[in-house]
2 protein chains.
Amino acid sequence: MKIAVAGLGNLGKAVLREIGEEKEFELVGVFSRRKHENGGIYNAPVYPFEIIKEFKGKIDVVLNCMGSASDLPRTTPYIASLFNVVDSFDTHALIPEHRERVDKAAKTAERTAIISVGWDPGLFSLARLYMGAVMPRGKTFTFWGQGVSQGHSEALRSLDGVLAARQYTVPVPSALERAKSGELCETDTAKMHRRVCYIVAEPEADKEKLKSEIKSMPGYFKGYKTEVNFISFDEFLREHNSMAHAGHVIGCRKTEEGVDTLEFSLSAASNPRLTASVLLAFSKACFKMQQRGEYGCKTVFDVKAADLLNTKDSEKLL
Amino acid sequence: MKIAVAGLGNLGKAVLREIGEEKEFELVGVFSRRKHENGGIYNAPVYPFEIIKEFKGKIDVVLNCMGSASDLPRTTPYIASLFNVVDSFDTHALIPEHRERVDKAAKTAERTAIISVGWDPGLFSLARLYMGAVMPRGKTFTFWGQGVSQGHSEALRSLDGVLAARQYTVPVPSALERAKSGELCETDTAKMHRRVCYIVAEPEADKEKLKSEIKSMPGYFKGYKTEVNFISFDEFLREHNSMAHAGHVIGCRKTEEGVDTLEFSLSAASNPRLTASVLLAFSKACFKMQQRGEYGCKTVFDVKAADLLNTKDSEKLL
């Protein structure tokens, strides 16, 4: 299968590392809007994104690894007008809108796109759906962490007096336990998670003021149990460079017979690397679906598990 | 959706209890080969299995809940020649053969069958497949229990001197931990599980002899760490009537970045009740697939998640 990567951020690089080990994929090239030395990245040829259209007919699937919020809404529909494409669009509320635009482009071009692929949205969405389908009168809870939230880290960096910042989302252990035991009936994310911030402040910054500013930020920290730690830049660089992430989807229900619990948990040494693996797996399905004439924009819900593996390999797994 | 249940063992009864809470299903009737008082079971009309063919055109999906090893290989192909059908055939090694026979019958009749639906095979198969697809150079381990193994309990009962018996399969905690940490590289089921037996022996039975007979039974207990407990019939009835079961599918891999772990766990208060819920969920997909002309025999791998729920409900879960 001939694939290409669009975008060379953390995710794009992780895809290249992951492809390195996969014999099934032939990497046609990397398409980036920034300047990169040709061949400098894992021996992959790097081209300007603008010339991707010249590769029409030469790529089976493009993995669009550009920035989710800003780039994917524009570039995935464009790529879908030329190639099969998989992306990791993760702004949950805007998925229907993104889907519609990609669907139009893909259908016109008789191509297949799978959007919002990764672990959440992605594997976690599948876990929520299977659990909800099997236990229609149950409850499903999603816990994120421990891991860095890019959005919350950016929110911290936007404050005056902050030089560098990282925010870890941490599930509250008692909430996790309550969810597993079928007792947690509220789905209030703020009661299920703590937010732990590590901040390098400017020397003259008023730390107490910053702390209360952070704790009252609406939409980010207000309502959450938030811990703010001020650290040195040295400690920041030394201790806070992990890409690790984790999470749990817990479904439970009560019947006359007792409590049933289903749980899907993830612990990733590298968040982008695991997302890259999921993208690669679904790129195989994307190509198969397009070959069968199933054009348009799909999500992980529209992909049958069998399309992720060869028939021979999957039969043993039943 | 008009459904019918074939077979009135533990699973058939669990389906009836589960349907009781589901507004989406209209129960046409129960078809059993044993005599049951009409209306005696959850107000459902009970008919002899032999007359099920008279209901042709009046049932959307039949849930075949007969005994897996002995009945399903004969009855699922027969039902598939008349109706859409879902079963829980669970003899892993014989699935391809069963599939072929059901496929032939279903295709001829332009019906859709989904076989081997439940939690293993079923949800656990899906977990193994998604994990294998996402981490192609990783390892996937399946742990069963703590819960009763019907096959092993029957093996115990087949021995001279045994009046009643139950066998619990119990995961070895250290093996579970090693699997999660990416360290377990062997997939030897015997090293991953203990077998705990509770036996009511005939008064005159030689317990020491029985014990060593059990521990050396090939294919069942030989090679396993097996614990044999002799108990009274009173204790047996009082302490060993739980239908609870549990299990874990653990996938892990090592990359340059560290260890990634995915885990799907299940804890069911009632094994048949959870299996019933999975059957009902897939019966919806079965009907949709047949309506779209996707005839023949399918497994959970051939069903896209979206078909388990209404589109409106599933979009929120992304």
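It should be noted that the structure appears before, not after, this text.
Every value quoted in this text rests on a predicted model; they were computed, and no experiment measured them.

With that settled, consider the environment of Q167 of chain B. All names here are of chain B. Considering the arrangement of structural elements, one finds Q167 in strand β9 (residues 162-171). Along the sequence, Q167 and L156 sit eleven residues apart, while their C-alpha atoms lie 8.0 Å from each other. Residues contacting Q167, with those up to four places away along its chain left out, are G147, V148, S149, H152, S153, L156, R195, V196, C197 and F221. Engagement of the side chain of Q167 in a polar contact is seen with the side chain of R195, the distance being 2.9 Å.

Contact residues are listed per partner, giving 58 residues for chain A and 59 residues for chain B. Contact between chain A and chain B buries roughly 5200 Å² in total, counting both sides, with carbon and sulfur atoms accounting for 58%. Interface area lost by chain A to chain B is led by Y130, E257 and L318 of chain A, which between them contribute 15%. Counting across the chain A and chain B interface gives ten salt bridges. Among the ionic pairs, E257 of chain B bridges to R17 of chain A, the shortest N-O distance being 2.5 Å. Where chain A packs against chain B, one counts 31 residue pairs in polar contact (both at pLDDT 80 or more). Contributions of two or more residues to the side of chain A that touches chain B are made by α1 (10-19), α3 (95-109), α4 (123-134), β12 (245-255), β13 (258-268), α10 (271-291) and α11 (311-315) of chain A. Here the side of chain A that touches chain B gets eleven residues from one element, more than from any other, and that element is β13 of chain A. Split into classes, the residues belonging to the side of chain A that touches chain B amount to 30 nonpolar, eleven polar and 17 charged. Pairing between β13 of chain A and strand β13 (residues 258-268) of chain B: seven bridges, direction antiparallel.

Below, the discussion takes up the sheet that holds strand β2 (residues 26-32) of chain B. Residues and elements named next belong to chain B. Read across the open sheet, the seven strands follow the order β3-β2-β1-β4-β5-β6-β14; overall the sheet is parallel. What marks the edges here is a single partner per strand, and that holds for β3 (46-48) and β14 (296-298). Strand-to-strand twist in this sheet, taken as the mean axis angle between neighbours without regard to direction, amounts to 25 degrees. Of the strand pairs in this sheet, strand β1 (residues 2-6) and β2 are connected by five bridges, and their pairing is parallel. Bridge assignment links A4 to a residue of β2, and that residue is G29. Contacts from helix α1 (residues 10-19) reach β1, β2 and β4 (61-64), with the element oriented near 155 degrees to β1. Across the sheet, helix α10 (residues 271-291) touches β1, β4, β5 (84-87), β6 (112-114) and β14, and the angle it forms with β5 is around 150 degrees.

Before going further, it helps to spend a moment on the sheet that holds β9 of chain B. All names here are of chain B. With mixed pairing, the four strands of this open sheet are ordered in space as β8-β9-β10-β11. Strands at the two margins of the open sheet, each flanked by one partner only, are β8 (147-148) and β11 (225-230). When β9 meets strand β10 (residues 193-201), the two strands line up antiparallel, connected through nine bridges. Directly across from Q167, in β10, lies its bridge partner C197. Against the sheet, helix α5 (residues 150-157) makes contact with β8, β9 and β10, and its axis sits at roughly 145 degrees relative to β9, the strand it touches most.

The relative placement of two packed helices comes down to the angle between their axes together with the axis-to-axis distance. Two elements in contact, α10 of chain A and helix α4 (residues 123-134) of chain B, have axes separated by 8 Å at closest approach and are oriented at 105 degrees. By the criterion of interaxial angle, the relationship of α10 of chain A to α4 of chain B is roughly perpendicular. Touching L274, S277, V278, A281 and F282 of chain A of α10 of chain A are Y130, A133 and V134 of chain B, all from α4 of chain B. Residue composition of the contact of α10 of chain A with α4 of chain B, by class: seven nonpolar, one polar and no charged.

Okay, α5 of chain B next. Think of an α-helix as 3.6 residues a turn; residues three or four steps apart then line up on the same face. Residues and elements named next belong to chain B. Every buried residue of α5 is listed here: H152, S153, A155 and L156. Down the axis of α5, the smallest arc covering the buried residues is 155 degrees, so these residues share one side. Here the buried face of α5 lies against β8, β9, β10 and α8 (207-215).

Here the focus is the packing of aromatic side chains. Residue and element names in this part refer to chain A. In this structure the tally under the stated criterion is 17 aromatic pairs over all chains. Put simply, the rings of F31, Y47 and F55 pair up and form one aromatic cluster. The ring of Y224 has R195 lying over it, and the distance from NZ or CZ to the ring centre is 4.2 Å.

Two faces belong to every sheet, and in a regular strand the side chains alternate between them. Residue and element names in this part refer to chain A. Burial within β12 is extensive, with ten of its eleven residues counted as buried. Judged from the six bridges that link them, strand β7 (residues 139-144) and β12 form a sheet pairing that is antiparallel. In the sheet register, F143 faces β12, and the bridge partner there is H248. As judged from the eleven bridges shared by β12 and β13, these two strands associate in the antiparallel manner. By the bridge assignment for β13, I250 is matched with E263. Hairpin remark: β12 followed by β13, antiparallel, with two residues in the connecting loop.

About the cut-offs
- Residues numbered from 1 in each chain as written.
- Chains lettered and ligands numbered in written order.
- Predicted model: local features only at pLDDT ≥ 70, side-chain atom pairs only at ≥ 80, totals over all residues.
- Heavy atoms only, no water.
- Helix = DSSP H or I, 4+ residues; strand = E, 2+ residues; numbered from the N terminus.
- Contact = heavy atoms within 4.5 Å.
- Polar contact = N/O pair within 3.5 Å; in protein donor to acceptor, adjacent residues only side chain to side chain.
- Buried area = accessible area lost by both parts, 1.4 Å probe.
- Salt bridge = Lys/Arg side-chain N within 4 Å of Asp/Glu carboxyl O.
- Nonpolar A, V, L, I, M, F, W, Y, C, P; charged D, E, K, R; others polar.
- Pairing = 2+ DSSP bridges.
- Axes fitted to C-alpha atoms, helices over the stretch in contact; angles between N-to-C directions.
- Parallel < 35°, antiparallel > 145°, perpendicular 65-115°, else oblique.
- Buried < 20%, exposed > 50% of the residue type's maximum accessible area, 1.4 Å probe, protein only.
- Arc of directions from axis to C-beta.
- Phe/Tyr/Trp six-rings, centres within 6.5 Å; stacked < 30°, edge-to-face > 60°.
- Lys NZ or Arg CZ within 6 Å of the ring centre and 35° of its normal.

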